[in-house]
Amino acid sequence: GAVVSQHPSRVICKSGTSVKIECRSLDFQATTMFWYRQFPKQSLMLMATSNEGSKATYEQGVEKDKFLINHASLTLSTLTVTSAHPEDSSFYICSAAGHPNTEAFFGQGTRLTVV
Amino acid sequence: AQSVTQPDIHITVSEGASLELRCNYSYGATPYLFWYVQSPGQGLQLLLKYFSGDTLVQGIKGFEAEFKRSQSSFNLRKPSVHWSDAAEYFCAVEGSSNTGKLIFGQGTTLQVKP
């Protein structure tokens, strides 16, 4: 199957700083990438959908100015958590879908801890 | 709105016993359905998916699932559970056709007793 690589797998940052998470499709072109958030012992909640070359579409309740998403190429999307606070600590997972394939492939996830 | 419900938050089975994890969905059209497994601190691994055709779907690691439209269900089964199957299992439905956007159930934690 297709491979999606997410980096870093684990990051600790200080409160108030920004953190960038990368999601790369290694062997296919991803026209659409999705960013999910998972709190401990909970399900995955979709944060936003990004299409290459256009602005991301955020789900209700997700702050677009806090969670900046860039999808500048067909193989890379980034999520930047700006001015991170402890409540932003979570597991962030991306997935990528190529066209016309309907299946989205998941990255390994990034464990963000804000101290 | 589309939704997915996994009624069982936690299930414990003995190694070698059979397993069934329940999943119910709410979706207006023919759904695209998925089962994923997640080990602690890890990403998601796709077990199987249903898009169309045969309602009994075979997946990896000996898992299968059956789509029952009349019951709006997509239950996951395995005839004989192994200790390595202990993990979190998520059922998901594709929110809009042909987009890859998934709506997940709450997850079921599977514990396997020796």
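Read on for an overview of the structure. All of these numbers come straight from a predicted model, not from anything done at the bench.

### A word on the pattern of salt bridges
Residue and element names in this part refer to chain B.
Then step 1. Applying the stated rule across the entire model yields 7 salt bridges over all chains.
Then step 2. The closest approach of N and O atoms between Glu64 and Arg77, which form a salt bridge, is 3.2 Å. Note that Glu64 is positioned in strand 8 (residues 64-68) and Arg77 in strand 9 (residues 73-78), a separation of 13 residues in sequence.
Then step 3. Between Lys78 and Asp85 there is a salt bridge; the shortest N-O distance is 2.8 Å. Each member of the pair, Lys78 as well as Asp85, is classed as buried.

### Observations concerning unusual backbone geometry
Then step 1. That bond from His7(A) to Pro8(A) is cis: its omega, 0°, falls within 30 degrees of zero.
Then step 2. With respect to the helices, strands and loops of the structure, Pro8(A) is situated in the loop between strand 1 (4-7) and strand 2 (10-13).
Then step 3. Its identity is not glycine, yet Ser83(A) carries a phi of approximately 45°, on the positive side.
Then step 4. By the secondary structure assignment, Ser83(A) is in the loop between strand 8 (76-81) and strand 9 (90-97).
Then step 5. A residue is classified by how much of its surface remains accessible, and Ser83(A), at 35% relative accessible area, is partly exposed.
Then step 6. Positive phi, close to 50°, is recorded for Ser72(B), a residue that is not glycine.
Then step 7. Secondary-structure assignment places Ser72(B) in the loop between strand 8 and strand 9.

Calculation notes
- Residues numbered from 1 in each chain as written.
- Chains lettered and ligands numbered in written order.
- Predicted model: local features only at pLDDT ≥ 70, side-chain atom pairs only at ≥ 80, totals over all residues.
- Heavy atoms only, no water.
- Salt bridge = Lys/Arg side-chain N within 4 Å of Asp/Glu carboxyl O.
- Helix = DSSP H or I, 4+ residues; strand = E, 2+ residues; numbered from the N terminus.
- Buried < 20%, exposed > 50% of the residue type's maximum accessible area, 1.4 Å probe, protein only.

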